[in-house]
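Residue-level listing of the chains:
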Amino acid sequence: MAKVRFVDLRKKVGTQEEFAKKAGTSKYCVSKWESGENLPKTKQLRKIAKVCGVTVDELLKSFE
């Protein structure tokens, strides 16, 4: 099975800006997550996973 990357999950939701608005964060943060420069804060994981339509575990794996 192919690995699902965060960027692929985000693209299903929309643009970086659209995703950021739904996840309650900034486009800048989404960009940093996609580039691997940063990871979401622990307290954000549930909301981001919900926006992506995946479990927190699946979301974490997308950043590996």
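Up top is the structure.
Our subject in this report is the structure included herewith. None of the values given here were measured: they were computed from a predicted structure.

**Points about the pattern of salt bridges**
Part 1: All chains considered together, the criterion is met by 4 salt bridges.
Part 2: A salt bridge links Glu 37 to Lys 32; the nearest nitrogen and oxygen atoms lie 2.7 Å apart.
Part 3: Using a relative accessible area of 18% as the deciding quantity, one classes Lys 32 as buried.

**Notes on helix α1 (residues 6-13)**
Part 1: Listed as buried for α1 are Phe 6, Val 7, Leu 9, Arg 10 and Val 13. The buried residues of α1 occupy an angular sector of 160 degrees when projected down its axis, which confines them to one face. Facing away from the buried surface of α1 by more than 90 degrees, the exposed residues are Lys 11 and Lys 12.
Part 2: For α1, the secondary structure elements touched by its buried residues are α2 (16-23), α3 (27-35), α4 (45-52) and α5 (56-62).
Part 3: One or two residues past the end of α1 sits Gly 14, with phi positive at roughly 150 degrees.

**Observations regarding the environment of Lys 22**
Part 1: As for its placement among the helices and strands, Lys 22 is situated in helix α2.
Part 2: Counting along the chain gives 41 residues from Lys 22 to Phe 63, while the straight-line C-alpha distance between them is 19 Å.
Part 3: Ignoring anything within four residues of it in the chain, the contact list for Lys 22 reads Val 13, Lys 47 and Val 51.

Parameters at a glance
- Residues numbered from 1 in each chain as written.
- Predicted model: local features only at pLDDT ≥ 70, side-chain atom pairs only at ≥ 80, totals over all residues.
- Heavy atoms only, no water.
- Salt bridge = Lys/Arg side-chain N within 4 Å of Asp/Glu carboxyl O.
- Buried < 20%, exposed > 50% of the residue type's maximum accessible area, 1.4 Å probe, protein only.
- Helix = DSSP H or I, 4+ residues; strand = E, 2+ residues; numbered from the N terminus.
- Arc of directions from axis to C-beta.
- Contact = heavy atoms within 4.5 Å.

Bear in mind that shape data such as this cannot, by itself, settle questions of function.
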